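Fold and geometry: a report
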Amino acid sequence: MVATPELISSKSPRVSAARRLAKRNFRGKERQFLAEGPQAVREAAAHGGLVELFATVDAAERYADIVGEARDAGARVHLAEEGVIADISTTVTPQGLVGVCRFLDTPFTEILAARPKLVAVLANVRDPGNAGTVLRCADAAGAEAVVLTDASVDVYNPKAVRASVGSLFHLPVAVGVPVEEAVAGLKEAGVRIVAADGAGEDDLDGELDRGSMGAATAWVFGNEAWGLPEETRALADAVVRVPIHGKAESLNLATAAAVCLYASARAQRAPGGCRSVTPS
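Overview of the structure. Because the structure is predicted, anything quoted here is derived from the model rather than measured.

On a plain count of helices and strands, the chain comes out with 13 helices and 11 strands. Here the C-alpha radius of gyration of the chain, 21 Å, is about what a compact globule of 280 residues would show, namely 19 Å. For the C-alpha atoms alone, the extent of the chain along its principal axes is close to 65 × 50 × 40 Å. Counting every atom, the chain has about 13100 Å² of accessible surface; 51% of that belongs to carbon and sulfur.

What follows concerns helix α5 (residues 64–72). Residues of α5 that are buried include every one of I66, V67 and A70, and no others. Down the axis of α5, the buried side of the element spans an arc of 100 degrees, and every buried residue falls inside it. Along its buried surface, α5 packs onto α3 (38–46), β2 (50–56), α4 (57–62), β3 (76–80) and β4 (97–102). Positive phi appears at G74, one or two residues downstream of α5, with a value of about 90 degrees.

If you add up the space inside the largest pocket, you get close to 510 Å³. Taken together, 21 residues form the lining of the largest pocket, with A196, D197, G198, L251 and A256 sitting closest to its centre. Mapped by element, the contributors of at least two residues to the lining of the largest pocket are β11 (238–241) and α13 (253–269).

Right, let's talk about the sheet that holds strand β7 (residues 173–177) for a bit. Across the sheet, which stays open at both edges, the seven strands sit in the order β7-β6-β5-β10-β8-β11-β9 with parallel pairing between neighbours. Sheet topology places β7 and β9 (202–203) at the edges, where each strand pairs with a single neighbour. Pairing between strand β5 (residues 118–122) and strand β6 (residues 145–149): four bridges, direction parallel. Note on β6: the bridge partner recorded for V121 is V147. Sheet strands touched by α13: β5, β8 (192–196) and β10 (217–221). Its angle to β10, the strand with the most contacts, is close to 170 degrees.

Okay, the packing of aromatic side chains next. On inspection of all chains with the given rule, the structure shows five aromatic pairs. Judged by centre distance (6.1 Å) and plane angle (25 degrees), the ring pair of F33 and F169 falls under stacked. Here the residue F33 occupies a position in strand β1 (residues 32–36), and F169 occupies one in the loop between α9 (158–164) and β7, the gap between them amounting to 136 residues. Per residue, the accessibility class of F33 equals that of F169, and both read buried. Taken together, F33, F103, Y156 and F169 form an aromatic cluster joined through their ring pairs.

Right, let's get into the packing of α3 against α5. Running from N to C, α3 and α5 cross one another at 30 degrees; their axes reach a closest spacing of 9 Å. Looking at the two axes, α3 sits roughly parallel to α5. Judged by the sense of rotation from one axis to the other, the crossing of α3 with α5 is left-handed. Contact residues: α3 offers P38, V41, R42 and A45, while α5 offers D65, I66, E69 and A70.

The next thing to look at is the pattern of salt bridges. Counted by the stated rule, this structure contains 16 salt bridges. Notably, a salt bridge pairs D65 with R42, separated by 3.2 Å at the nearest N-O pair. Of this pair, D65 sits in helix α5 while R42 sits in helix α3, and the two are 23 residues apart along the sequence. The exposure class assigned to D65 is partly exposed, which follows from its relative accessible area of 39%. A salt bridge links D202 to R210; the nearest nitrogen and oxygen atoms lie 4.0 Å apart. Members of the salt-bridge network, linked through shared partners, are R192, D202, E207 and R210.

Procedures and definitions
Residues numbered from 1 in each chain as written. Predicted model: local features only at pLDDT ≥ 70, side-chain atom pairs only at ≥ 80, totals over all residues. Heavy atoms only, no water. Helix = DSSP H or I, 4+ residues; strand = E, 2+ residues; numbered from the N terminus. Rg over C-alpha atoms; globule rule 2.2 N^0.38 Å. Areas by Shrake-Rupley, 256 points an atom, 1.4 Å probe, with all protein chains shown as cover. Buried < 20%, exposed > 50% of the residue type's maximum accessible area, 1.4 Å probe, protein only. Arc of directions from axis to C-beta. Contact = heavy atoms within 4.5 Å. 1 Å grid on protein atoms, 1.4 Å probe; cavity = no way out; pocket = protein on both sides within 12 Å on 5 of 7 lines; lining within 4 Å. Points joined across faces, edges and corners; volume = space filled by probe spheres on them. Pairing = 2+ DSSP bridges. Axes fitted to C-alpha atoms, helices over the stretch in contact; angles between N-to-C directions. Phe/Tyr/Trp six-rings, centres within 6.5 Å; stacked < 30°, edge-to-face > 60°. Parallel < 35°, antiparallel > 145°, perpendicular 65-115°, else oblique. Left-handed = near helix turned anticlockwise from the far one by under 90°. Salt bridge = Lys/Arg side-chain N within 4 Å of Asp/Glu carboxyl O.

Written out as structure tokens, the structure reads:
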């Protein structure tokens, strides 16, 4: 038997409260954000971030396992008509599941205390899709943390959350850290600071050939349009460009970040790297 939707009006106080989370000022006030689609909702439930779940009847049946995980995680589950979900959703074609999640950011001091080996620092990154994709790349490469400086986009922007494809729930993320503070703290924690810049003095191939990428590393990625300002590059231990071997004019931010993070991940796991494995 098909369940009857519990929320029949977009004017419901619960729906109104969720809908407001599309705006940054309300997210900051409530310290909550939206996660849309089965992958994001599943990860939110699994990692303790899910507070509330809105689902169409069809989606609740199709993703019964996710709805069960949400209930097991203590989240309130509401069935709703498709129009209600569309009213809450920020996507053109909603997938029938919208979660309300609590903020997950980690204090920067906790990240430093964990002595990370690989970190992505987003300095002046303004596009939410890029921010979310870099976070996903960092997660895939095995980074221990992502730091967004105070001049970067809100990591809880719905586009950033979607672009992270659940990775937002997997690794520590610090937000609102001034770039000077981020660099100073990471250096004190023994992390080498490498600025990624198309005009870098060194290229990534040379860094790998010299064996300098095997150390604990924080990659600093700059603005999509103008890169890193001189004062930020001056803070780094090295300024490195991704070599262009073909005729492409450049790489976009997320692609360059993936190349850099995976280069570090590989070097750190090679013999002599900071994550090398001792043969048994």
